[in-house]
Structures are given as structure tokens and as C-alpha cells.
Amino acid sequence: MRSIVFYGRTGKFTFRMLATVLGGQSICILLGALVARALAATNQGTATSTAYLWVGLGLGALCIVAAGLMRRPWGVTLGWVVQALTLLSGLVVPMMFVVGLFFLALWVTCLVKGGPIDAEMARREAAAGQE
């Protein structure tokens, strides 16, 4: 578990994979925001439903921003914040817990497997440069 990073730069392959996870997550969150709005409009009224929609749209936009900032040292930290907020969105729409756990598993897998792949790519590039 040493390869799980909370702050700092990652390799090229790793940050691309993390950005891909956040891109897919943004789509699911935006669709979840529509579900939250519809559920709130059905049960409570329009004021709460509009707030749920805006919060969901904001979280979806934060996913896209975080995906773009994966090259920065604090981009990974922002990605962890997005993962936590996605899990918290399950308090509004319970199925978002499942979505949050799914993307958290993808996130951790990319962090764990990305480091060795980046090291192997660097080794191959160095070997190709010596030939």
C-alpha cells in the first residue's frame, strides 16, 4: 500500500488513468444530480430539488477540473476530495454509495498499478535511448 499517493506528482501513465477515472465519474455524478433533483421534486418541493441539482452540477464540474489538474502535485489530493464527496452524495441518493465505492476502487487501483507501469515505461525508454 506504499504506492497510494495523497499528495505529489505521479507518472504520466498514472495521471492519465486517474484523469480518465474522474472523467467517467463526472458523467455518473451529473446523471446522479438529475436523479436527486427528480426525487426531491417528487417528495419535497422545488427549492430543495434545485439545490440538489446545483450541488450535483458543482461536484461534476469539480471532477472535470480535478481531472485537468492531475499533473499538479495537489491534483491527487483534489481527486481524493472528489472521491469523499462522491461517497457523501450517497446521503441524498443511496445508489451513489455504490457509484462512489466503484470509482473509489478504480481510483485506488490506478494509484497502485500506475506506479509500477510508469517505472517499467521509464526503464524501456532508457533502454531504447541507449541503443
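Presented here is a report on the structure given in the accompanying data block.

The rules behind these values
- Residues numbered from 1 in each chain as written.
- Predicted model: local features only at pLDDT ≥ 70, side-chain atom pairs only at ≥ 80, totals over all residues.
- Heavy atoms only, no water.
- Salt bridge = Lys/Arg side-chain N within 4 Å of Asp/Glu carboxyl O.
- Helix = DSSP H or I, 4+ residues; strand = E, 2+ residues; numbered from the N terminus.
- 1 Å grid on protein atoms, 1.4 Å probe; cavity = no way out; pocket = protein on both sides within 12 Å on 5 of 7 lines; lining within 4 Å.
- Points joined across faces, edges and corners; volume = space filled by probe spheres on them.
- Nonpolar A, V, L, I, M, F, W, Y, C, P; charged D, E, K, R; others polar.
- Buried < 20%, exposed > 50% of the residue type's maximum accessible area, 1.4 Å probe, protein only.
- Lys, Arg positive; Asp, Glu negative; His and termini not counted.
- Contact = heavy atoms within 4.5 Å.
- Patch = residues over 30% accessible without salt bridge, like charges linked within 9 Å, V, L, I, M, F, W, Y side chains within 5 Å.
- Areas by Shrake-Rupley, 256 points an atom, 1.4 Å probe, with all protein chains shown as cover.
- Expected span 1.5 Å × (residues − 1).

Our focus in this paragraph is the pattern of salt bridges. What the rule picks out here adds up to two salt bridges. A salt bridge links R123 to E120; its shortest N-O distance comes to 2.5 Å. Taken together, the positions of R123 and E120, both in helix 4 (residues 95–130) and three residues apart, correspond to about one turn of that helix. One salt bridge connects R124 with E120, and the closest N-O pair in it is separated by 3.0 Å. Of the two residues, R124 and E120 both sit in helix 4, four residues apart, roughly one turn of that helix.

Attention now moves to the layout of surface pockets. By volume, the largest pocket is sized at about 250 Å³. Mapped by element, the contributors of at least two residues to the lining of the largest pocket are helix 1 (12–43), helix 2 (46–68) and helix 3 (75–88). Of the residues contributing to the lining of the largest pocket, the split by class is 11 nonpolar, three polar and no charged.

The next thing to look at is the side chain of D118. Counting through the fold element by element, D118 comes out in helix 4. Notably, D118 is buried but unbridged: the nearest opposite-charge side chain belongs to R16, and the N-O separation is 8.5 Å. Other than its neighbours up to four places away in sequence, D118 contacts G11, K12, F13 and T14.

Where nonpolar side chains cluster on the molecular surface, the patch consists of V81, L85, L88, L91, V92 and F97 and spans about 520 Å² of accessible area. In this structure, V81 sits in helix 3.

For helix 1, built from 32 residues, the straight-helix expectation of 46 Å at 1.5 Å per residue is met to within 8% by its first-to-last C-alpha distance of 46 Å. Among the residues of helix 1, those classed as buried are T14, F15, L18, V21, L22, Q25, S26, I29, G32, A33, A36 and A40.

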